Structures are given as structure tokens and as C-alpha cells.
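# Inside the fold
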Amino acid sequence: MNQAALKNLLYRLADDQLILGHRNSEWNGLGPILEEDIAFSSMAQDKLGHSLQLYLLLNQLGEAEPDTVAFTRNAPQFHCCQLVELPIGEYDFSLIRHFLYDHAELLRFEALGQSSYEPLAQVARKLKGELKYHVLHANTWVKRLGSSTEEAIARLQQSLDYTLPYALGLFEKTEQEEAIIAEGIFIGEDALKARWEESIRAILSQTALQMPDLQILTPVYGGRTGEHTEFLQPLLDEMAEVFRLDPTADW
Amino acid sequence: MYGGGNTFEAPVKADGLENEDPILLAEFEARIARGEKIEPSDWMPALYRKQLIRMIEQHAHSEIIGSLPEGTWITRAPGFRRKMAQMAKVQDEVGHAQLLYSAAETLGKTREQMLSDLINGKSKYSNVFNYPTPTWADSNVISWLIDAGAIVNQLANAKGSYGPYCRALDRICAEEAFHLKYGHDAVTHMATGTPTQRRMMQEALNRWWPAIMTFFGPADKMSTHTEILMRWKVKMATNDDCRQQFLDMYVPKIWELGLTLPDPNLHKNEETGQWEFTEPDWEDFKRVINGDGPCNKERLAVRRAAEENGAWVRRALLSPQAKYVKPLA
């Protein structure tokens, strides 16, 4: 097994889940209805748990412990896509991000269930059961709000147009892409993107929202190689604020 | 948590009761005396309804406002274990608000009206959340000791007379038991940890102790007359009883961890079996309740912003064009 390729993939998966989980948790106290505070918190807890499972796989491959990896790296050492770093904004943005992201993640972990790296395949088969509910949640709200008032439709459309280039950054390939596919670790980003596009179209077509032509959009790349938005480092500083007070402490 | 604690009572006037049907009133009181629960469709005096709405509503508000100071520390919690637990704990509190608003709605006031009264300052919430939580240790103090205080109050109220409120409290108390373990575990790690951690915890406890001592509300000798509310099993324990019970249960546990409390007069009088302490500053308490605390404006501003920013979502949900989507279709 090509360890460098495997670790590269695992870091991307884990960092995405950690950072979006952290962002989702910021909805505490701010949701448009209480039920959404609770739902975003549930998804945040799941995503944090997913990232932990993936960091544990990395730990088994010789990387540092999950707490060290998550709480002590700086932005250039993170491999998450820029989509997950963006601030929560208003509910329409967070909903659209959640919709675009979780459709991709469900398909990604379904595919990873067949990975040639058995420990990852096992984790993926467990995670996809939870991601299914994240997708159901996103679909419910996109369908409901996407066919309601003009105001809601306009907001969702604007967020969709804004967010899609970032969402395409989910499928940014790294120099390990060929090895990852050749080793049977993962089907690869192009194959995943094709499935994803079909999957989100199927939902959006049931709403008043228009799907932009993805061909003419410029994907926002860079996250996979440590190029991040201005928002990631402050997020990491906040996340590690207490942890760094006393690195020798058991909290 | 977080609710319970003191319910801010308007002076209860038993007059107005003469407008109630004396036969129905006698039957109502007899049912309560027999330990029966009153259900939403049952007859009840207007005063009973009003007091319960006030109490459950304040409790619900305390849950959502109370989720803010601890919520701030979700994004800062040190390490995976704490981060996940803090999220789950705060999420429970928001869930409690949801349960409680539903219980209050059975009495005829909508969630929207209640939230609107909260934002407009017509309706109160537990006063302790008007104080700041500047460190992780402050959040731990809330998780352990404010939750502990709330449990004392809520276990008493769970034996009250209004069915929907009691059932909500039963569920809430079951979750609170976990919060208490979580809070105690977090405080124990701090109090027995590195010098930095021990200093943080002691400072947080010193900051919070005066507020904790006011958590159950003013001393009985200064409280509004609540005899009728006790008879109707709306209020189940006096402020002093709750405070004494709390001190009995938790002061020894605090001392056991090597922490001190910033009140030189705090001790148990072995003859009376009662805790004695420096009388809390009730003038300051009143001032803070009435809006002049360190965080009143901030807390309500967050709530107001959430309501305003989310208004378009609620409008969309109520829109006749909106197609109902089965959540798990």
C-alpha cells in the first residue's frame, strides 16, 4: 500500500469533516428555529466524530495523536477545501453549503466502503449511515425553502451561485491522485464529481432553483495543498485557544 | 440545566378568584390535594394558568439564553473529548427549551409570543446568565454547579400539579444527570490538574459564587407571598429550602477538590443543621434582573439577531406556496 497516497487522502477527508463540524457548531443559539440549532449541532457532533475516526486511522499509520493533529497545526498544514472554512454567514449559505458538501461526502464514503485499504473501508461503511441523515436533512430544507417565497428562493439561488465554485474545490486533485486510484484506495475525484452532479441536480430540479452550468465555473482550488482563505487561521486559533494555554495539561 | 432557580413572581393577588366558579375551584383544589395531575383540557383558574405560563416560559428562556455562555466555549473546548461533550451538552439545553415551549404552549401562549416577550424584555430568564464566562473554567462551573442548582429545583417542580410540565421535567432531569457528571468531571480535571488549570478553576469559582448564591432567588423572608402557589403545587419548594439543599450537597464536594469558596462566613451550623453564609447582595441582584447586569444587553442582542436573521425562514415555512416535505421521505 502506498502510504503517502493513503495519508494524503485521509488528511483531506479528516480535515474537511473537522472544519465543517466546527463551523456547524457555531449555529448554537443562532438558528432560525430551535429545531435547526439542534439539527446543526447533531451534524456537527457527527462530523467531529468522523474526523476523529479518520485521525485515528492516521495515528495507526504513524501520525501524531488526534488531539495533537487537530489542535496544534496551523492553516498551511491543513488539507481541507476552502468551502468548509468559510464563515457560517446567514442560514441560506450554511444550508446550501451543507447540501452541496453532504451530497459529496455521502457518495464519497459510499465509494470508500469499497476501498482496498480495509480499515478505511470499515470506517466508511459506518460513517455513511450517518451521512445519509445529513443528506436527508439538507434535501428536506432545500426542497421546502426552494419552493416557497420569492425571498427564500432568491436567497437560496444567490447562495448556490456563490457557493458552487467553492464546492467544486471539494474535488481538487492532488499529486497522489493517480496512485490513490491505481491502488484501489478510492475511485478518484472525477468519478465522484460526476456522481455528485447527478445527485444534486435530482434534488434541485424539484425546486424553483436554477442549477448553473458547472462547465463555465472556475473551481476554487488550493485547500488540498495548504492554500487557504483568510478565515481558516482565526478558526484554528479559536479552536486551540484553551488547548494551547497549557500543552502539558489533561483537560 | 438551566432553568428553574428563581422564578420572578409578580405579586400574587388571590383576589380575582372570586370570579371563578366556586364549585369548579373546589373540585380543582381537591384534585391537586389528591395528587392528580391537571391536563391542558381540564378546567383551571385563570391565575393558575397565568402563573404556570410565566414559570414555564421563564424556564424555557433560561435554557436558550443559558446555552449562550457555554456555547461560546464549544468552539474553544480543549481536545476532541471535551469538544464533543460540550456540544452535546449545550444541544441538550436547547432541546429542553423546545420541550418547555411546547409545554407552555398547551396553556395557550405560542412560542412566537414567548420569544417576542423575551426579546422585548417583558419576560425574564435566570439571572445568572447575565454574568460573563471569560474562561473555559467558568463554563465548567456552569456545567457543574448551575446545572446542579437547576436539578435541585427541577426535581422538586417535577412533582408539581401540571401534567405537561412535570413530564417535560422528568425527561429534562434524566439528561441533567449526565450534565452533572460531565461538569463534575471537567471541574475535577481542572482542580486536580496543572497549576495553570487549578488557578483558572479557583478564579472562576470565586467569580461565580456570588451569582450561585442568588440562583434560587431572594430569601423567603423577603419573597412575595406564595402560599396559594404552594397549595396549587405550582411552586414546590421555597427558595431557602432549595438553597440549603444545594449547599448541603455541593459545598462538601467543592471542598473535597481542594477548592475554596470566597465567603469566610460559609459554614454549617451543626446545631440547626442549616448553612450560614454572608447574605448575598440582593440590591445588586435586583439591579441585574432589571437589565443593568454585565451581559444582559449582549445576551438579548444575540437572541434578537437570531430572530431577525431567521425571520425569512419562518416566513417561508408559513408561506402557502411552500410544499410540505416529509422529513425522512
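Per chain, the residues get numbers from 1 upward, laid out in the order the sequence is written. The lettering of chains begins at A and the numbering of ligands begins at 1, in the order of writing. Local features in a predicted model are, by the rule used here, given only for residues with pLDDT of at least 70; side-chain atom pairs are given and counted only at 80 or more, and totals for whole chains, interfaces and linings are based on all residues.

A separate point is the overall build of chain A. Strands are runs of DSSP state E lasting at least 2 residues, helices are runs of H or I lasting at least 4, and numbering of each runs from the N terminus. For chain A, the count of helices and strands is nine helices and zero strands. Listed by position from the N terminus, the elements making up chain A come as α-α-α-α-α-α-α-α-α. Since a compact globule built from 251 residues should have a radius of gyration of about 18 Å, the 18 Å found for chain A is in line with a globular shape. A principal-axis box enclosing the C-alpha atoms of chain A has dimensions of 55 × 45 × 30 Å. Relative to its full complement of 251 residues, chain A shows a buried share of 51%. Any two residues are considered in contact once their C-beta atoms, placed from the backbone, lie within 7 Å. Sequence separation of 24 or more characterises 78% of the internal contacts of chain A that already satisfy a separation of 6 or more. Every radius of gyration here is taken over C-alpha atoms, with the globule rule written as 2.2 Å times N^0.38, N being the number of residues. With C-beta atoms placed from the backbone, the exposure class of a residue follows from how many other C-beta atoms lie within 10 Å of its own: 20 or more, buried; 12 or fewer, exposed; in between, partly exposed.

Another aspect to go through is the overall build of chain B. A tally of helices and strands in chain B yields 12 helices and two strands. Mapped from its N terminus to its C terminus, chain B presents α and β elements in the order α-α-α-α-α-α-α-α-α-β-β-α-α-α. Scaling as 2.2 N^0.38, a compact globule of 329 residues should have a C-alpha radius of gyration of about 20 Å, and chain B matches this with 21 Å. Considered along the principal axes of its C-alpha atoms, chain B spans approximately 65 × 60 × 35 Å. Buried positions account for 44% of the 329 residues belonging to chain B. A separation threshold of at least 6 residues defines the contact pool for chain B, and within that pool the share at least 24 residues apart is 79%.

All names here are of chain B. The nonpolar core is taken to be a set of buried Ala, Val, Leu, Ile, Met, Phe, Trp, Tyr and Cys residues joined by way of C-beta atoms within 7 Å. Core analysis: the biggest nonpolar cluster contains 156 residues, and Leu52, Ile56, Leu100 and Ala104 have the highest contact counts within it. Counting residues per element, this core draws most heavily on helix 3 (residues 80–105), at 12 residues. In this structure, leucine 52 is in contact with Leu107, Tyr162, Tyr165 and Val234, ignoring residues within four places of it in sequence.

Each partner contributes residues to the interface: chain B has 44 residues there, and chain A has 48 residues. Going through the elements one at a time, helix 2 (46–71), helix 3, helix 7 (195–214), helix 11 (296–309) and helix 12 (311–318) of chain B are the ones with two or more residues in the side of chain B that touches chain A. Looking at the side of chain B that touches chain A, the element that brings in the most residues is helix 3 of chain B, giving 12 residues. Classes in brief: Ala, Val, Leu, Ile, Met, Phe, Trp, Tyr, Cys and Pro nonpolar; Asp, Glu, Lys and Arg charged; the others, Gly included, polar. A breakdown of the residues in the side of chain B that touches chain A according to their chemical character gives 22 nonpolar, 16 polar and six charged.

Turning to the packing of helix 6 (residues 163–191) of chain B against helix 7 of chain B, a few remarks are in order. Two packed helices can be described by the angle between their axes and the distance between those axes. Residues and elements named next belong to chain B. Look at helix 6 against helix 7: their axes get within 7 Å of each other, and the N-to-C directions meet at 125 degrees. When the axis of helix 6 is compared with that of helix 7, the two are oblique. Along its contact with helix 6, which presents Val187, Met190 and Ala191, the element helix 7 presents Gln197, Arg198, Met200 and Met201. A class-by-class count of the residues in the contact of helix 6 with helix 7 yields five nonpolar, one polar and one charged. Where helices are involved, their axes are fitted lines through C-alpha atoms of the stretch in contact, as for all axes, and angles between N-to-C directions lie from 0 to 180°. Angles below 35 degrees are treated as roughly parallel, those above 145 as roughly antiparallel, those between 65 and 115 as roughly perpendicular, and all remaining angles as oblique.

A helix is expected to span 1.5 Å for every residue after the first. Taking 1.5 Å of rise per residue, 28 residues should cover 40 Å, and helix 5 (residues 118–145) of chain A covers 40 Å from first to last C-alpha, within 8% of that figure. The largest bend in helix 5 of chain A amounts to roughly 30 degrees and is located at A:Lys128. Throughout, bend refers to the angle between the axes fitted to the seven residues that end at a position and the seven residues that start at it.

A word on the confidence of the model for chain B. Every residue carries a pLDDT, the predictor's confidence in it, which falls somewhere between 0 and 100. Considering every residue of chain B, the mean pLDDT works out to 92; 93% of them sit at 70 or more. Scoring the predicted complex yields pTM 0.94 and, for the interface, ipTM 0.95.

Another aspect to go through is the environment of B:Trp73. Residue and element names in this part refer to chain B. Here tryptophan 73 shows up in the loop between helix 2 and helix 3. By the C-beta count within 10 Å, which is 24 here, tryptophan 73 ends up buried. Ignoring any residue separated from it by four or fewer positions in sequence, one finds tryptophan 73 in contact with Gln86, Trp136 and Ser139.

Residues other than glycine seldom take positive phi values, yet B:Lys233 does so here, at roughly 55 degrees. Counting through the fold element by element, B:Lys233 comes out in the loop between helix 8 (227–231) and helix 9 (239–256).

The next point concerns the environment of B:Gly291. All names here are of chain B. Mapped onto the elements, glycine 291 comes out in helix 10 (residues 282–292). Look at glycine 291 and you get exposed, because 12 C-beta atoms sit within 10 Å. The sequence separation of glycine 291 and asparagine 130 amounts to 161 residues, and the corresponding C-alpha distance is 8.7 Å. If near-sequence neighbours (up to four positions away) are discounted, glycine 291 is found in contact with Gly121 and Asn296.

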